[in-house]
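# Observations on the model geometry
Take a look at the letters that make up each chain.
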Amino acid sequence: GISKVSTELLRQFCRKGHEVAVFCLPRTARSFEAPGGCELIPVELDWCLYREYPVVRFSLRAFRKLAQEHRRKPFDVSHAMNFNNYGYPFWRRSLRAEGLAHVATGFETTGMEIRAKWREWRSTPSLHCLGQIVMESYLAPWQRAYIGWADAITTEDVETRREFMAMGLDGKNIHLIPSGVDVESLLGEVVEERTLSELKALGSPLL
């Protein structure tokens with residue numbers, strides 16, 4: 001599927017006149033209404049262990065498809081979020097040799113996710129939750145590669161940035177992009193000081 005974050009990201013790029021290609025599952029390509037300037041490229045899977053969330057198999061196939069499409073029509077940059085970066089280390093050398101930079105986004109480390117899942121398991125145990133813990137425990141040791149080997153890393157909070165650095169990732173390569181909106185910098189001189197003060201006085205979460 002395509003998350004709300006990635007959906008808004010591609011829409012904003014399209015609004016700015018960029019061409020965006022989205023590598024996705026066939027079911028997403030059939031159901032998602034892509035904005036103008038966006039091409040949906042379905043990634044077929046011959047087999048997978050978990051069809052509802054085939055993240056490992058999908059990522060491996062998606063990066064192979066990316067390499068093929070890049071040779072046909074070169075991209076400026078590739079981007080993947082969270083576990084979808086898993087396949088990147090397998091294609092990193094060839095993609096970099098062909099001039100394609102990669103950005104990896106991590107909203108949280110795998111360790112943070114596993115701790116949260118264990119809390120969920122203790123409160124409401126389920127087979128599905130246990131399966132997620134097992135899968136993410138497998139992925140955890142690889143995160144330093146599939147996130148850390150990217151040309152640039154982005155995250156939205158200081159806690160995740162701190163945990164990435166504790167894993168040995170270079171803090172200079174981790175770019176913090178808060179999920180809130182800074183009205184003052186967004187609108188610049190258009191916002192009157194009085195209006196801005198009123199918003200701050202209301203405790204707007206966007207500020």
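A brief look at the structure comes next. Model, not experiment: these values are computed from the prediction.

### Thoughts on the state of the cysteines
Evaluation of the coordinates by the stated rule reveals zero disulfides. In this model Cys-14 remains outside any disulfide bridge; the closest cysteine sulfur is found in Cys-38, 5.1 Å from its own. The exposure class of Cys-14 is buried, given its relative accessible area of 12%.

### Digging into the sheet that holds strand β4 (residues 101–105)
Strand order in this open sheet of four strands is β3-β4-β5-β6, and the pairing throughout is parallel. The open sheet has two free edges, formed respectively by β3 (77–81) and β6 (174–176), since each of these has just one partner strand. Put simply, the sheet's adjacent strands are angled 25 degrees from each other on average, direction ignored. Of the strand pairs in this sheet, strand β5 (residues 152–155) and β6 are connected by three bridges, and their pairing is parallel. From the neighbouring strand, Thr-155 faces β6, where its bridge partner is Leu-176.

### Regarding the pattern of salt bridges
As enumerated under the stated definition, the model contains ten salt bridges in all. Linking Arg-72 and Glu-69 is a salt bridge whose minimum nitrogen-to-oxygen distance equals 2.5 Å. Taken together, the residues Arg-72 and Glu-69, both in helix α3 (residues 55–72) and three residues apart, mark about one turn of the helix. With its nearest N and O atoms 3.8 Å apart, the salt bridge here joins Glu-120 to Lys-117. Linking Glu-120 with Lys-117, this pair stays in helix α5 (residues 110–123), spanning three residues, or about one helical turn. One connected set of salt bridges, linked through shared partners, spans Asp-46, Arg-57 and Arg-61.

### A few points about the packing of α3 against helix α4 (residues 88–97)
Relative orientation of the contacting elements α3 and α4 amounts to 15 degrees, with a least axis distance of 9 Å. Here α3 lies roughly parallel to α4, going by the angle between them. By crossing handedness, the relation of α3 to α4 is classed as right-handed. Between α3 and α4, the residues in contact are Leu-60, Phe-63, Arg-64, Leu-66 and Ala-67 and Tyr-88, Phe-90, Trp-91 and Leu-95, respectively.

### Some thoughts on helix α1 (residues 4–15)
With twelve residues, α1 extends 16 Å from end C-alpha to end C-alpha; this agrees with the ideal 16 Å at 1.5 Å per step. Remark: Gly-17 follows α1 within two positions and exhibits a positive phi of approximately 95 degrees.

### Let's talk about a nonpolar patch on the surface
A surface patch of nonpolar side chains, about 300 Å² in accessible area, is lined by Met-135, Tyr-138 and Trp-142. Within the element layout of this structure, Trp-142 appears in the loop between α6 (127–139) and α7 (143–146). In this structure Trp-142 comes out as partly exposed when scored by relative accessible area, which is 45%.

### Regarding the pairing of β4
Pairing between β3 and β4: five bridges, direction parallel. Its bridge partner lying in β4, Val-77 is registered against Ala-101. Taken together, β3, α4 and β4 form a β-α-β motif whose crossover is right-handed. Direction of pairing for β4 relative to β5: parallel, over a ladder of three bridges. Looking across to β5, one finds that Ala-104 is bridged to Ile-153.

### Side note on the environment of Arg-92
Within the secondary structure, Arg-92 is located in helix α4. Under the relative-accessibility criterion, Arg-92 is labelled partly exposed at 26%. Each C-alpha atom of the pair Arg-92 and Ala-150 lies 8.2 Å from the other, and the pair is 58 residues apart in sequence. Within the structure, the side chain of Arg-92 is placed 3.2 Å from the backbone oxygen of Trp-149, a separation counted as a polar contact.

### Here's the deal with the packing of aromatic side chains
If you walk through the whole model with that rule in mind, you get five aromatic pairs. When the ring of Tyr-86 is compared with that of Tyr-138, the centres are 6.3 Å apart and the planes differ by 45 degrees; the resulting orientation is tilted. With Tyr-86 in the loop between β3 and α4 and Tyr-138 in helix α6, this pair connects stretches of sequence that are 52 residues apart.

Calculation rules
Residues numbered from 1 in each chain as written. Predicted model: local features only at pLDDT ≥ 70, side-chain atom pairs only at ≥ 80, totals over all residues. Heavy atoms only, no water. Disulfide = S-S within 2.5 Å. Buried < 20%, exposed > 50% of the residue type's maximum accessible area, 1.4 Å probe, protein only. Pairing = 2+ DSSP bridges. Helix = DSSP H or I, 4+ residues; strand = E, 2+ residues; numbered from the N terminus. Axes fitted to C-alpha atoms, helices over the stretch in contact; angles between N-to-C directions. Salt bridge = Lys/Arg side-chain N within 4 Å of Asp/Glu carboxyl O. Parallel < 35°, antiparallel > 145°, perpendicular 65-115°, else oblique. Left-handed = near helix turned anticlockwise from the far one by under 90°. Contact = heavy atoms within 4.5 Å. Expected span 1.5 Å × (residues − 1). Patch = residues over 30% accessible without salt bridge, like charges linked within 9 Å, V, L, I, M, F, W, Y side chains within 5 Å. Areas by Shrake-Rupley, 256 points an atom, 1.4 Å probe, with all protein chains shown as cover. Right-handed = clockwise from strand over helix to strand, strands pointing away. Polar contact = N/O pair within 3.5 Å; in protein donor to acceptor, adjacent residues only side chain to side chain. Phe/Tyr/Trp six-rings, centres within 6.5 Å; stacked < 30°, edge-to-face > 60°.

It is worth stressing that arrangement in space is one thing and function is another; only the former is reported here.
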